[in-house]
Amino acid sequence: GAAIARDLHALLAAAGIPGPYVLAGHSSGGVYVRVFAAAYPAEVAGVVLLDAQSPGGATVLARSAGAQRSIGTLAGLFPLLARVGLVRLVLPAESVDLPPEAAARQHAEQVSARGAASFGEEFVHLGGILAAAGDLPNLGDLPLVVVTAASQPPAGWLAQQDRLARLSTHLSHRVFADLPHASQIESTKGAAASSAAIVDVVSSVRSGTRLDARDDAAR
């Protein structure tokens, strides 16, 4: 997690993109956003967590320990399986609403040896990353929007989302009962909700106005 935050910081500097930043993270990306905010607090103006993992995610992972061990065992084989084309066979090219060209690029990366190796390495370390995230500081009064996809969540997921919604005193928590996890970046409605959250935080930072906490009525 710390290495990913350092890489992002270095990439932004190399690209000549100065802070302060509004950081948005989906799923495990939410943890990396929080690590970045803790490491470079003066450079973060606001945060958006899109159905993000939380420190409690380590507990959720532990509840399905058998499945986690099986996937963890396979994770080291993913690059080899990708090179011989087996990952392509078991991972169909499908998404919710992505344009065909974007969906094809996404699938090509997922079934490549590099993509498979990246997934396997992250999965192996994810439990430790989530456990370490429990020691991260809260966000104080930074503008924070938590977007929760509440359709068919795993056990304990919604409680995690409620914990994330206590990370800042300047908060909007938006819960969408009809959106599943991946929809935040792959469906038209989910992407619209994600984009609106980012725009609202940017607007709040620029104008100095408070987020509308009533947005949690989306529940």
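Residues numbered from 1 in each chain as written. Predicted model: local features only at pLDDT ≥ 70, side-chain atom pairs only at ≥ 80, totals over all residues. Heavy atoms only, no water.

Describing unusual backbone geometry
Moving on, step 1. Cis geometry marks the peptide bond from Gly 19 to Pro 20, where omega comes out at 5°.
Moving on, step 2. With respect to the element layout, Pro 20 can be found in the loop between α1 (2-14) and β1 (21-26).
Moving on, step 3. Even without glycine at this site, Asp 51 takes up a positive phi of about 45°.
Moving on, step 4. Mapped onto the fold, Asp 51 is located in the loop between β2 (44-50) and α3 (57-63).
Moving on, step 5. Asp 51 sits in the buried class, given a relative accessible area of 1%.
Moving on, step 6. The phi torsion at Gln 152 lies on the positive side, around 55°, for a residue other than glycine.
Moving on, step 7. Assignment of secondary structure puts Gln 152 in the loop between β3 (140-149) and α9 (157-164).
Moving on, step 8. Gln 152 gets classed as exposed once you look at its relative accessible area, which sits at 75%. (Helix = DSSP H or I, 4+ residues; strand = E, 2+ residues; numbered from the N terminus. Buried < 20%, exposed > 50% of the residue type's maximum accessible area, 1.4 Å probe, protein only.)

Describing the pattern of salt bridges
Moving on, step 1. Summed over all chains, the structure comprises four salt bridges.
Moving on, step 2. Among the salt bridges present, the one from Glu 101 reaches Arg 105, with a minimum N-O distance of 3.1 Å. Pair noted here: Glu 101 and Arg 105 are both in helix α7 (residues 100-110), with a separation of four residues, about one helical turn. Accessibility classification places Glu 101 together with Arg 105 in one group, the exposed group.
Moving on, step 3. Across the pair Lys 189 and Asp 178 runs a salt bridge, and its minimum N-O distance is 2.6 Å. (Salt bridge = Lys/Arg side-chain N within 4 Å of Asp/Glu carboxyl O.)

Points about the nonpolar core
Moving on, step 1. Ranked by internal contacts, the top residues of the largest apolar core, which has 25 residues, are Phe 36, Val 47, Leu 49 and Leu 144.
Moving on, step 2. The set of elements that each furnish at least two residues to this core consists of α1, β1, α2 (29-39), β2, α8 (113-133) and β3.
Moving on, step 3. The dominant element in this core, judged by the number of residues it contributes, is α2, at six residues.
Moving on, step 4. In this view, Leu 49 contacts Gly 25, Gly 30, Val 33, Leu 144, Val 145, Val 146, Val 147, Leu 164 and Leu 167; residues no more than four positions away in its chain are not counted.
Moving on, step 5. Counting residues in each nonpolar core, the second largest holds eleven residues, with Ala 149, Leu 179, Ala 193 and Val 201 among its members. (Core = buried A, V, L, I, M, F, W, Y, C linked by side-chain atoms within 4.5 Å. Contact = heavy atoms within 4.5 Å.)

Details of the sheet that holds β1
Moving on, step 1. On the basis of which strands lie adjacent, the open sheet formed by four strands has the order β1-β2-β3-β4 and parallel pairing. Two strands lie at the open edges of the sheet, namely β1 and β4 (168-176), each paired on one side alone. Across the sheet, the mean angle from the axis of one strand to that of its neighbour is 15°, orientation sign disregarded.
Moving on, step 2. As paired strands, β1 and β2 are joined by six bridges and run parallel to one another. Bridge assignment links Ala 24 to a residue of β2, and that residue is Val 48.
Moving on, step 3. Its contacts with the sheet put helix α11 (residues 188-207) on β1, β2, β3 and β4, and the angle it makes with β2 is roughly 160°. (Pairing = 2+ DSSP bridges. Axes fitted to C-alpha atoms, helices over the stretch in contact; angles between N-to-C directions.)

Here we look at α11
Moving on, step 1. Taking 1.5 Å of rise per residue, the 20 residues of α11 would be expected to cover 28 Å, and the 28 Å separating its terminal C-alpha atoms lies within 8% of that figure.
Moving on, step 2. Of all the positions in α11, only Gly 190, Ala 193, Ser 194, Ala 197, Val 201 and Ser 204 are classed as buried. In a view along the axis of α11, the buried residues occupy a sector of 100°, so they form one face of it. The outward face of α11, more than 90 degrees from its buried face, is lined by the exposed residues Thr 188 and Arg 206.
Moving on, step 3. For α11, the elements touching its buried residues are β1, β2, β3, β4 and α10 (183-186).
Moving on, step 4. Looking one or two residues past α11, Gly 208 carries a phi angle of roughly 75°, positive in sign. (Expected span 1.5 Å × (residues − 1). Arc of directions from axis to C-beta.)

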